[in-house]
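# Reading the structure
Given next are the chains, with one letter for each unit.
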Amino acid sequence: MKPISVILSALTLSMASSAVMADSVRLPHATSLPNVSPANSNLANRGAYIARTADCMACHREDYSGGVAIETPIGNIYSTNITPSTRYGIGNYTETDFKKALKKGRAPTHQLYPAMPYPSYHGINDADISALFAYFQTVPPVEAAPEKTTHLPFPLNIRTLMLAWNVINVPSTENRSGLTQTQQRGEYLVNNLEHCGTCHTPRNLTQGLDKDKYLSGAPLGKWYAPNITPDNDSGIGRWSEQDIVTYLRTGMLDKRVYAGGPMAEAVAHSTRYLTDGDLSAMAAYLKVVPIIKTDNHVIPVDTSRLPSPVSRSITYNLIEQKDYLAQVKSTTNTDSNNDRNSSKALYLAACASCHGVDGYAQPDARYPSIVGLSSIRRAKPDALINVIAYGAKGALNTVPKMPGFEKELSHAQIAGIANYVRVNFGGLPSSDVSAADVKRILK
Ligand code: HEC
Ligand code: HEC
Ligand code: HEC
């Protein structure tokens, strides 16, 4: 059985925030919450913030009208309308009903599937539940059923089966002892509200979260949620707390990481709205979770091997960049007997118009630099191969999209580009991804 892959469907964002993409190292402040209004009570406005920390929008859509497919090994499970519509939504819920749905996965008339992350929300405290409930009363009702609803075959359609699953997989709320107050707040955010583990913790045989592999990385459809325990090689042990805060605020760290997949959505809908205090608390907690070493380590960046930008003016000036690309293309020998030249020619043809001849891209056009990224420096090239094959839809970067090259490029060509990128922009001494590796990864 494959672990549950919670793939959040393409939610187009209308709230492009230039602060997030500003190409400066200064840390932007929390983006102001679009769902807070002075007309609402303080309790409801606090609930609006908690809804962000719990990322309800990721699965229920921005207007909470539902209908988003959550892919699981047993089939697609669709989220429901959670606006206060009495006919289509949760308008008839009492606060107790709401609490039971969130914490126990029990809706008034039926048992929910754990695609709704109640095993994580189980630990949400009563004050936060009350605030969330108050907030959901202020959401504009959507008077329509979601376009798609869940239809699982027998016996999976017997929702009461989940009761047995819950006994095994819904943890009793246990908090680590010996944590500072800040770390405790971080623990609550990471485990319960933000439910980071639903993506970053591998699943056990029954599809519950495998506690012994807490936050050590898990496959997620065509992506992989990396190890975020403080292991120095395979996890984020080398990141400072400030690095973690900056990443959760902006989705990127210059020449190190760029969130282009499901994490970009978590940042776009949720973490970028959090207060500095809450982000710091999560960072402080992530520094003290048990270290787990996994085999997909990040090859440390040797900064001296990273390329220098061909020229600042070329990187920033689109016309100059276009001319420069044409010039380099015309002088690159595409003789296929020479592997290095043919993969350079492929990179120039397929990638350079967006990521630049030098990998530094076109910040003006909001294409990201790929120089030094951890995704191209992993021992396993899977993340890079997947991005080349399937593209990146860009929840943070709302304008351009990266196309997938699955159909255009052969496995050998994808391998060639991956090797070229890993060595020339990742600074690796060598890279030997083969066509067979690409075939295995994309199967
Ligand atoms: C990872 C995806 C995900 C997230 C995040 C999520 N939900 Fe859900 N939720 C679902 C799915 C899927 C269902 C439907 C489950 C089913 O049909 O068994 C659901 C069902 C519900 C229901 C039951 C509604 C009904 O009567 O059918 C409520 C209430 C609810 N969610 C509220 C919330 C709130 C509030 C949040 C944020 C605190 C939230 N959800 C976050 C996926 C999610
Ligand atoms: C919807 C699934 C999902 C959720 C929820 C999620 N992540 Fe991620 N995360 C990913 C994926 C996938 C990546 C890989 C990059 C990407 O998708 O853009 C990632 C990347 C990261 C990275 C970068 C690690 C590296 O070495 O490159 C960190 C740090 C991180 N996540 C922390 C968190 C924290 C903290 C939370 C909770 C606040 C969280 N994530 C919630 C899926 C998720
Ligand atoms: C049409 C423009 C375009 C082309 C062509 C393109 N990309 Fe991208 N690429 C993007 C954008 C935009 C993003 C960022 C997506 C986002 O913000 O979520 C990106 C992201 C990336 C990332 C970072 C993703 C991560 O999670 O680390 C890598 C690596 C990458 N591209 C490599 C390539 C390679 C290699 C090629 C050629 C095979 C290529 N790109 C072709 C636009 C492009």
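Parameters and conventions
- Residues numbered from 1 in each chain as written.
- Chains lettered and ligands numbered in written order.
- Predicted model: local features only at pLDDT ≥ 70, side-chain atom pairs only at ≥ 80, totals over all residues.
- Heavy atoms only, no water.
- Helix = DSSP H or I, 4+ residues; strand = E, 2+ residues; numbered from the N terminus.
- Rg over C-alpha atoms; globule rule 2.2 N^0.38 Å.
- Contact = heavy atoms within 4.5 Å.
- Areas by Shrake-Rupley, 256 points an atom, 1.4 Å probe, with all protein chains shown as cover.
- Donors = N, O, S within 2.8 Å, 3.2 Å for Na, K, Ca; no water.
- Tetrahedral: all angles 85-135°; square planar, octahedral: opposite > 155°, others 65-115°.
- Buried < 20%, exposed > 50% of the residue type's maximum accessible area, 1.4 Å probe, protein only.
- Near = heavy atom within 4 Å.
- Polar contact = N/O pair within 3.5 Å; in protein donor to acceptor, adjacent residues only side chain to side chain.
- Nonpolar A, V, L, I, M, F, W, Y, C, P; charged D, E, K, R; others polar.
- Pairing = 2+ DSSP bridges.
- Axes fitted to C-alpha atoms, helices over the stretch in contact; angles between N-to-C directions.
- Parallel < 35°, antiparallel > 145°, perpendicular 65-115°, else oblique.
- Left-handed = near helix turned anticlockwise from the far one by under 90°.
- Domains from an automatic or database assignment.
- Expected span 1.5 Å × (residues − 1).

What follows deals with the overall build of the protein. Counting its regular elements, the protein contains 19 helices and six strands. Over its C-alpha atoms the protein spans a radius of gyration of 23 Å, differing by no more than 12% from the 22 Å that the globule rule assigns to 443 residues. With the C-alpha coordinates aligned to their principal axes, the bounding extent of the protein is approximately 70 × 50 × 50 Å. Expressed as a percentage of contacts within the protein between residues at least 6 apart in sequence, the contacts between residues at least 24 apart total 66%. Summed over all atoms, the accessible surface of the protein reaches about 21,200 Å², with 55% contributed by carbon and sulfur.

Protein coordination at the iron atom of ligand 3 comes from His-355 (NE2) and Met-402 (SD), with a distance range of 1.9 to 2.2 Å. Around the iron atom of ligand 3, the six donor atoms are arranged such that angles at the metal cover 88 to 178 degrees; this shape is classified as octahedral. With a gap of 47 residues between them, His-355 in helix α16 (residues 352-355) and Met-402 in the loop between α17 (382-390) and α18 (411-424) connect regions that are remote in the sequence. On the accessibility criterion, His-355 (12% relative accessible area) is buried. With relative accessibility at 24%, the residue Met-402 sits in the partly exposed group.

As a structural note, the neighbourhood of ligand 2 is formed by 26 residues, with Cys-196, Cys-199, His-200, Gly-261 and Met-263 the closest of them. Between Pro-262 and ligand 2, the recorded distance is 3.3 Å, taken from a backbone N or O atom to an oxygen atom. Between Arg-378 and ligand 2, the recorded distance is 3.0 Å, taken from a side-chain N or O atom to an oxygen atom. It is strand β4 (residues 223-225) that provides the largest number of residues to the shell around ligand 2, a total of three residues. For the shell around ligand 2, the class distribution of residues is 19 nonpolar, five polar and two charged.

For the bond running from Phe-154 to Pro-155, omega is 5 degrees, close enough to zero to count as cis. Here Pro-155 is to be found in the loop between α6 (126-138) and α7 (161-169). In this model, Arg-61 sits at a positive phi of 75 degrees, which is unusual for a non-glycine residue. Overall, Arg-61 belongs to the partly exposed group, its relative accessible area being 31%. Positive phi, normally seen in glycine, also occurs at Lys-255, with a value near 55 degrees. Here Lys-255 lies in the loop between β5 (252-253) and β6 (257-258). Residue classification places Lys-255 among the partly exposed positions, given a relative accessible area of 35%.

With that out of the way, let us pick up the side chain of Ser-120. In this structure, Ser-120 sits in helix α5 (residues 118-121). If sequence neighbours within four positions are ignored, Ser-120 has contacts with Asn-191, Asn-192, His-195 and Thr-198.

Within the element layout of this structure, Ala-349 appears in helix α15 (residues 339-350). Owing to a relative accessible area of 53%, Ala-349 belongs among the exposed residues under this scheme. Taking the C-alpha atoms as reference points, Ala-349 and Lys-329, separated by 20 residues in sequence, lie 7.7 Å from one another.

Here we take up the pairing of strand β1 (residues 69-72). As paired elements, β1 and strand β2 (residues 75-78) share four bridges and run antiparallel to each other. In the strand pairing of β2, Thr-72 is matched with Gly-75. What sits between the antiparallel neighbours β1 and β2 is a turn of two residues.

Within the protein, the atoms that donate to the iron atom of ligand 1 are His-60 (NE2) and Met-116 (SD), at distances of 2.0 to 2.2 Å. Seen from the iron atom of ligand 1, its six donor atoms lie at angles of 87 to 179 degrees, and the figure they make is octahedral. Of this pair, His-60 sits in helix α3 (residues 56-60) while Met-116 sits in the loop between α4 (95-104) and α5, and the two are 56 residues apart along the sequence. Each member of the pair, His-60 together with Met-116, is buried.

A word on the packing of α4 against α6. Interhelical geometry of α4 versus α6 gives an angle of 115 degrees and a closest axis separation of 10 Å. Classified by the angle their axes make, α4 and α6 are roughly perpendicular. Pair α4 / α6 crosses with right-handed handedness. Residues Glu-95, Phe-98, Lys-99, Leu-102 and Lys-103 of α4 touch α6, and the partners they reach there are Asp-126, Ile-129, Ser-130, Leu-132, Phe-133 and Phe-136. Tallied by class, residues from the contact of α4 with α6 come to six nonpolar, one polar and four charged.

A separate point is the site of ligand 3. Residues in close proximity to ligand 3 total 26 residues, the closest being Cys-351, Cys-354, His-355, Ser-375 and Met-402. Between an oxygen atom of ligand 3 and a side-chain N or O atom of Tyr-258, the distance comes to 2.6 Å. Separating an oxygen atom of ligand 3 from a backbone N or O atom of Gly-260 is a distance of 3.1 Å. Per-element tally for the shell around ligand 3: the top contributor is α17, with three residues. Split by domain, the shell around ligand 3 shows at least three residues from each of two domains, domain 1 (1-13 + 181-296) and domain 3 (303-442).

The end-to-end C-alpha distance of α6 is 19 Å, a good match for the 18 Å that 13 residues give at a rise of 1.5 Å each. Burial in α6 covers these residues: Asp-128, Ile-129, Ala-131, Leu-132, Phe-133, Ala-134, Tyr-135 and Phe-136. Packed against the buried residues of α6 are α2 (42-53), α3, α4 and α8 (181-193).

What is shown is where atoms sit, not what they do.
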